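Per-entry structural report
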Amino acid sequence: GEGPQAYSPIHGKDSSIKLEERFRYDSAQNLFYVNFKDFIVNTKADVGKIEFMVASELSGLGKKVHALVNYENFYINSEIVEDYTSMVNRLMENFYQDVTRYTTSQSLHTQLESALKKANVVPNIFDSSEEAEKFLHITIQPEKDVVLILTAAAQKQSIMKAICNEAFARTG
């Protein structure tokens, strides 16, 4: 028989976001946000990296968190789905109070739901972030860009004034 085919990323997948940048913990809501939008899990090593990163992020909290996972345009190699769901189970046992997931992809919705049910995990998969937010009774703040400006101290005041004036002009 033929071995597994190499996966070539579908046009539009954004692998420019590093794995460690895909996790965000909101202490006020005890919410761990996982952004797997445009993410590819292709190997068992990828599954191991995810588990390590989540454990590193959450192990020091001393309590379980609510997890919210964005699976929009997510791809997982079908040969490692079982490894992935086993990893999710371990994370749930150790770190997650509950997990809510969302994706508009019906095929991924079905694939995840089936794999999670098989692993005795309640799927909680929704079709949009709005549905997931309603379920959790929360509002997810959109990600914001952070800009770092390095300047001489003497120029700081005039730069900040220009930024404030521009922001005010846009918002009224």
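Residues numbered from 1 in each chain as written. Predicted model: local features only at pLDDT ≥ 70, side-chain atom pairs only at ≥ 80, totals over all residues. Heavy atoms only, no water.

Bringing the pattern of salt bridges into the picture now. Taken as a whole and judged by the stated rule, the model has four salt bridges. Residue Lys 49 is joined to Asp 46 by a salt bridge in which the shortest nitrogen-to-oxygen separation is 3.9 Å. You can see Lys 49 and its partner Asp 46 sitting in helix H1 (residues 44-58), three residues apart, about one turn around the helix. Of the residues examined, Lys 49 reaches a relative accessible area of 49% and is grouped as partly exposed. (Salt bridge = Lys/Arg side-chain N within 4 Å of Asp/Glu carboxyl O. Helix = DSSP H or I, 4+ residues; strand = E, 2+ residues; numbered from the N terminus. Buried < 20%, exposed > 50% of the residue type's maximum accessible area, 1.4 Å probe, protein only.)

As a further point, take the nonpolar core. If you look at the biggest cluster of nonpolar residues, it comprises 27 residues, and the most contacted ones within it are Phe 36, Val 41, Ile 50, Tyr 84 and Tyr 96. Counting only elements with at least two residues in this core, the list comes to strand E2 (31-35), H1, strand E4 (65-70), helix H2 (81-94) and strand E6 (96-102). Every residue in contact with Ile 50, bar those within four places of it in the chain, is listed here: Leu 19, Phe 36, Phe 39, Val 41, Tyr 84 and Met 87. (Core = buried A, V, L, I, M, F, W, Y, C linked by side-chain atoms within 4.5 Å. Contact = heavy atoms within 4.5 Å.)

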